[in-house]
There are 2 protein chains.
Amino acid sequence: MGKIKNRIRRLRFDNDEMTQEELANRAGCTRQTIIALEQGKYVPSIELAFKIAKAFGVALEEVFQYEGE
Amino acid sequence: MGKIKNRIRRLRFDNDEMTQEELANRAGCTRQTIIALEQGKYVPSIELAFKIAKAFGVALEEVFQYEGE
DNA sequence: ACACTATGTATAGTAAACAATACATAATAA
DNA sequence: TTATTATGTATTGTTTACTATACATAGTGT
């Protein structure tokens, strides 16, 4: 099965070391969700994925990549 | 709140009138899921979204669009 | 020593994606 | 008529994304 990778942690630090809480606020989710996503504990809904990309001002595929089988 | 729109129905017909079942097979989901997505009954996981885009040979954002608030 | 900030852990509950199955129906074809 | 194909509906059950809350801890500054 394919996997979903994300570059959230990297993008946070590239964006002036944005904190998890700040990102959560911008994306409209909780800090716990950001933590879990960075740790690969689960994969976001497509809606949250779009919001996170928007929070960084980049396209969804610059944050999330699909590794096909 | 934002909404997620999809162009699955359009893309199916643009792709030689690909059937819902054929798309489901290519995307690795059930026909019911495709039906529900086309009817806007729910929004796909990001993983399924990537698979559907791949089934059409296009980028995720050509199938799914986020309408921010 | 005390406060504050950023990150992490643990747990319980809710909502929704998705599968699986069965059945209905209109269109087309033999 | 009978069979097949494509779409749709209805229902049940499982998994998991996500929230909410509380607590732990290392770092930094006063």
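These numbers were taken from a predicted model, which means no experiment stands behind them.

What counts and what doesn't
Residues numbered from 1 in each chain as written. Chains lettered and ligands numbered in written order. Predicted model: local features only at pLDDT ≥ 70, side-chain atom pairs only at ≥ 80, totals over all residues. Heavy atoms only, no water. Near = heavy atom within 4 Å. Polar contact = N/O pair within 3.5 Å; in protein donor to acceptor, adjacent residues only side chain to side chain. Helix = DSSP H or I, 4+ residues; strand = E, 2+ residues; numbered from the N terminus. Contact = heavy atoms within 4.5 Å. Buried area = accessible area lost by both parts, 1.4 Å probe. Salt bridge = Lys/Arg side-chain N within 4 Å of Asp/Glu carboxyl O. Phe/Tyr/Trp six-rings, centres within 6.5 Å; stacked < 30°, edge-to-face > 60°. Buried < 20%, exposed > 50% of the residue type's maximum accessible area, 1.4 Å probe, protein only.

A. Representation of the protein's contact with DNA strand C within the structure. Taken together, the neighbourhood of DNA strand C is formed by 18 residues, with Q20(A), Q32(A), T33(B), Y42(B) and S45(B) sitting nearest. For DNA strand C, the backbone makes up 65% of the atoms found within 4 Å of the protein, where backbone means sugar plus phosphate. Q20(A) is positioned such that a nitrogen or oxygen atom in its side chain is 2.7 Å from a phosphate oxygen of DNA strand C. Within the contact set of DNA strand C, a phosphate oxygen lies 2.6 Å away from a side-chain nitrogen or oxygen of S45(B). Breaking the surface near DNA strand C down by element, the ones donating at least two residues are α1 (8-14) and α3 (31-38) of chain A together with α3 (31-38) of chain B. Of the residues forming the surface near DNA strand C, the biggest block, 3 residues, is contributed by α3(A).

B. Molecular detail of the interface of chain B and chain A. At the junction of the two partners, chain B supplies 18 residues and chain A supplies 17 residues. Taking both sides of the interface into account, the surface hidden between chain B and chain A amounts to around 1500 Å²; carbon and sulfur atoms contribute 69%. Considering only the side of chain B, the residues that lose the most area to chain A are I46(B), F50(B) and Y66(B), jointly responsible for 42% of the buried surface there. In this assembly, chain B and chain A are joined by 0 salt bridges. The interface formed by chain B and chain A holds 2 residue pairs in polar contact (both at pLDDT 80 or more) in total.

C. View of the packing of aromatic side chains. Applying the stated criterion to the full structure yields 2 aromatic pairs over all chains. Taking 5.7 Å as the distance between ring centres and 10° as the angle between the ring planes, the aromatic pair formed by F50(A) and Y66(B) counts as stacked. Placement of F50(A) in helix α4 (residues 46-56) and of Y66(B) in strand β2 (residues 64-67) is noted, with the two residues assigned to different chains. By relative accessible area, Y66(B) is classed as buried at 15%.

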